[in-house]
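# Overview (structure and organization)
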Amino acid sequence: MSKTITFIVQPGGQLRGEARVPGDKSMSHRSIMLGSLAEGVTHVKGFLEAEDALATLQAFRDMGVHIEGPIDGCVTIHGVGKHGLKPPQKELYLGNSGTSMRLLSGLLAGQPFNTVLTGDKSLSGRPMKRVTEPLAAMGADIKATEKGTAPLVITGQAGQLQGIDYTMPMASAQVKSCLLLAGMYAQGETSVTEPAPTRDHTERMLSGFSYPVKQQGSKVSITAEGKLTATDIDVPSDISSAAFFLVGASIAPGSGILLKHVGINPTRTGVISILRLMGASIEILNERVVGGEPVADLHVVYKPLKGIDIPEELVPLAIDEFPVLFVAAAYAEGQTRLSGAEELRVKESDRIQVMVDGLQILGVAAKPTPDGMLIQGGGKIGGGVVTSHGDHRIAMAFAIAGLCASAPITILDCANVNTSFPEFKELARNLGLALTCEDGADVKGC
Ligand code: S3P
């Protein structure tokens, strides 16, 4: 008995037309967190109505915040102030969402109540020591499993946390954001230094809520001296969702698309840089700043790609886009080499192994390395049955691969596309992807 959703893609398509992909996931999470802790009413538009961001929204409702919506991407948050959260009556279930769990662990470490954070099977296997260890150094009391995974049992240490000066061993925006949120409740200054630039939405949004944050090179610092003042937030489209169509239009002859109102924060545009190095034709049009975040329309037309050595400094700036970038590499002429990307092994799935397995089934010469992949592109890409292992971005990446394959591709286990991009099927079909969907016995969603 199948418990999942299956995608089937017929080859021979091309992508044409205009689309606005849904709101940015990282910013949607943060809008709920900071709006809840603000004084006053925050209006959010462009909020991502997908399972991950909704898990964060529900968690704050469970902690007593009155939140209206979402209705057509609009959410109204009646902020309770920095010290206004209430103890939840039950554990906070965060589904598949690593961002919810890691950021909340910091925010809840210094509250005057206790919480338990749980998640689905994938989230319960993901490393949490990267947040629990530095939080413990601040005086937090968080118990995880022996392996350092969820559930996280947090005993709130109101007034007891101490600021730290922490250098992250990996480039992680979730760890940085977790510690900054804890730092809002700690004595003294909390500083985080990153080994390479990572997405800075937390810092930008804190400033948007008038909360002081200090940035000195790669170090960002915060103290408990400050309050959040409600503001209006306009969430742009998620470049991580746009990425599927950037690649689709680049690999399918005859394609030409315009993706509207996409967030192009420089800490997120690695996918554009990498595709351009591969020879893609991507124009950035109508650049503007919306609510402190750069936004643009992206015009992409088909152009044959070539394999490259991906510069390591671009890895954190494109960290969520590698599944679909591997598909671009499979269609590119010559070899693509990725290194310095061991973080891909601890995402919603092991994205190196799962993509290699699927690409090999389709006849692509893909070889895993401990921190990346070697792909010999340009050969024929066949059809076959692959599995996403419940990873939303793997499912969508293989759907895009189907555009130019020589036979249909069937992708198993696609229900989790709803965690980040529930409109994917409809939007992809509107642009020209011949995608059909089959419901499993227990899951409806096609
Ligand atoms: C995110 C940070 C990244 C990214 C994730 C969202 C965030 O994770 O992969 O999808 O919103 O801060 P890491 O911090 O683990 O790199």
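Criteria and thresholds
- Residues numbered from 1 in each chain as written.
- Predicted model: local features only at pLDDT ≥ 70, side-chain atom pairs only at ≥ 80, totals over all residues.
- Heavy atoms only, no water.
- Helix = DSSP H or I, 4+ residues; strand = E, 2+ residues; numbered from the N terminus.
- Rg over C-alpha atoms; globule rule 2.2 N^0.38 Å.
- Buried < 20%, exposed > 50% of the residue type's maximum accessible area, 1.4 Å probe, protein only.
- Contact = heavy atoms within 4.5 Å.
- Areas by Shrake-Rupley, 256 points an atom, 1.4 Å probe, with all protein chains shown as cover.
- Lys, Arg positive; Asp, Glu negative; His and termini not counted.
- Charge placed at Lys NZ, Arg CZ, Asp CG, Glu CD.
- Patch = residues over 30% accessible without salt bridge, like charges linked within 9 Å, V, L, I, M, F, W, Y side chains within 5 Å.
- Salt bridge = Lys/Arg side-chain N within 4 Å of Asp/Glu carboxyl O.
- Domains from an automatic or database assignment.
- Buried area = accessible area lost by both parts, 1.4 Å probe.
- Nonpolar A, V, L, I, M, F, W, Y, C, P; charged D, E, K, R; others polar.
- Pairing = 2+ DSSP bridges.
- Phe/Tyr/Trp six-rings, centres within 6.5 Å; stacked < 30°, edge-to-face > 60°.
- Lys NZ or Arg CZ within 6 Å of the ring centre and 35° of its normal.
- Core = buried A, V, L, I, M, F, W, Y, C linked by side-chain atoms within 4.5 Å.
- Near = heavy atom within 4 Å.
- Polar contact = N/O pair within 3.5 Å; in protein donor to acceptor, adjacent residues only side chain to side chain.
- 1 Å grid on protein atoms, 1.4 Å probe; cavity = no way out; pocket = protein on both sides within 12 Å on 5 of 7 lines; lining within 4 Å.
- Sits in = over half its atoms within 2 Å of the grid points.
- Axes fitted to C-alpha atoms, helices over the stretch in contact; angles between N-to-C directions.
- Parallel < 35°, antiparallel > 145°, perpendicular 65-115°, else oblique.
- Left-handed = near helix turned anticlockwise from the far one by under 90°.

### With respect to the overall build of the protein chain
The helix and strand inventory of the protein chain stands at 12 helices and 23 strands. Its C-alpha atoms give the protein chain a radius of gyration of 21 Å, near enough to 22 Å, the size a compact globule of 446 residues would have. Across the 446 residues of the protein chain, 60% fall into the buried class. If you take every contact in the protein chain between residues at least 6 apart in sequence, the share linking residues at least 24 apart comes to 75%. Within the structure as shown, the protein chain displays about 15,900 Å² of accessible surface, and the carbon and sulfur contribution to it stands at 51%. Positive and negative charge centroids in the protein chain, built from 39 and 46 side chains respectively, lie 1 Å apart.

### Some details on a negative patch on the surface
On the surface, a cluster of negative charge is contributed by E49, D72, E423 and E426. Within the secondary structure layout, E49 lies in the loop between β3 (39–45) and α2 (51–62).

### Observations concerning the domain arrangement of the protein chain
The accessible area lost on association of the parts is a frequent measure of interface size. Taken as a whole, the protein chain is organised into domain 1 (5–23 + 236–439) and domain 2 (25–234). Relative placement of domain 1 and domain 2: their C-alpha centres are 29 Å apart. Each side of the interface is counted separately: domain 1 has 29 residues, and domain 2 has 25 residues. Carbon and sulfur atoms supply 47% of the area buried between domain 1 and domain 2, which totals about 2,300 Å² over both sides. On the surface where domain 1 and domain 2 come into contact, there are three salt bridges. Of the charged contacts in the structure, one is a salt bridge between R130 and E343, with a shortest N-O distance of 2.8 Å. When residues of the side of domain 1 that touches domain 2 are traced back to their parent elements, those giving at least two are β17 (293–301) and α11 (392–401). Here the residues of the side of domain 1 that touches domain 2 sort into 11 nonpolar, 10 polar and eight charged.

### So, the pattern of salt bridges
For the structure on display, the rule yields 21 salt bridges. Residue D24 pairs with R268 through a salt bridge whose shortest N-O separation is 2.8 Å. Within this pair, whereas D24 is found in the loop between β2 (16–19) and α1 (25–37), its partner R268 is found in the loop between β15 (256–263) and α8 (270–277), the two being separated by 244 residues in sequence. Since its relative accessible area comes to 2%, D24 is described here as buried. Classification of R268 by relative accessible area gives buried; the value is 3%. The salt bridge involving D165 is made with K219; its shortest N-O contact spans 3.1 Å. Residue D165 is located in strand β10 (residues 165–167), and its partner K219 is located in strand β13 (residues 219–222); the two are separated by 54 residues in the primary sequence. For D165, a relative accessible area of 53% translates into the label exposed. Residue class for K219 comes out partly exposed when judged on its relative accessible area of 24%. Because the salt bridges share partners, they merge into one network encompassing R126, R199, D320, E348, R351, D391 and R393.

### Some words on the pairing of β15
The element β15 is largely enclosed, with a buried count of seven among its eight residues. Pairing of β2 with β15, which is carried by four bridges, proceeds in the parallel orientation. Note on β15: the bridge partner recorded for A19 is L259. Bridge count between β15 and β17: six bridges; the pairing is antiparallel. Looking across to β17, one finds that V262 is bridged to A296.

### A closer look at the packing of aromatic side chains
In the structure shown here, the tally under the stated rule is six aromatic pairs. Judged by centre distance (6.1 Å) and plane angle (70 degrees), the ring pair of F244 and F424 falls under edge-to-face. Separated by 180 residues along the polypeptide, F244 in helix α7 (residues 239–251) and F424 in helix α12 (residues 424–431) bring together distant segments of the chain. Exposure remark for F244: the relative accessible area of 1% places this residue in the buried category. For the ring pair F245 and F424, a centre distance of 5.9 Å and an interplane angle of 15 degrees mean the geometry is stacked. You can see F245 sitting in helix α7 and its partner F424 sitting in helix α12, a full 179 residues away along the chain. On the basis of relative accessible area, F424 is assigned to the buried category, the value being 0%. The ring of Y185 is capped by K82, whose NZ or CZ atom sits 5.8 Å from the centre of that ring.

### Topic: the nonpolar core
One finds F7, F245, L275, F322, L359, I411 and F424 to be the most contacted residues of the largest nonpolar core, which totals 86 residues. Counting 62 residues, the second largest nonpolar core, distinct from the first, contains L57, L94, A140 and I154.

### A closer look at the site of the ligand
Around the ligand, the structure places S26, R30, T99, R102, S172, A173, Q174, R199, I319, D320 and K347. At a separation of 2.6 Å, an oxygen atom of the ligand approaches a polar side-chain atom of R30. Against a free-state accessible area of 390 Å², the protein chains account for coverage of 95% of the ligand. Here the ligand is seated within the largest pocket. Sorting the residues of the shell around the ligand by element identifies α1, α3 (98–109) and α5 (173–183) as the ones contributing at least two each. Residue contributions to the shell around the ligand reach at least three from each of two domains, namely domain 1 (5–23 + 236–439) and domain 2 (25–234).

### Observations concerning the packing of α7 against α11
As a packed pair, α7 and α11 sit with axes 10 Å apart at the nearest point and diverge in direction by 20 degrees. With respect to their mutual orientation, α7 and α11 come out roughly parallel. Seen along the crossing, α7 lies across α11 with a hand that is right-handed. Along its contact with α7, which presents S240, F244, F245, V247, G248 and I251, the element α11 presents R393, M396, A397 and I400. A class-by-class count of the residues in the contact of α7 with α11 yields seven nonpolar, two polar and one charged.

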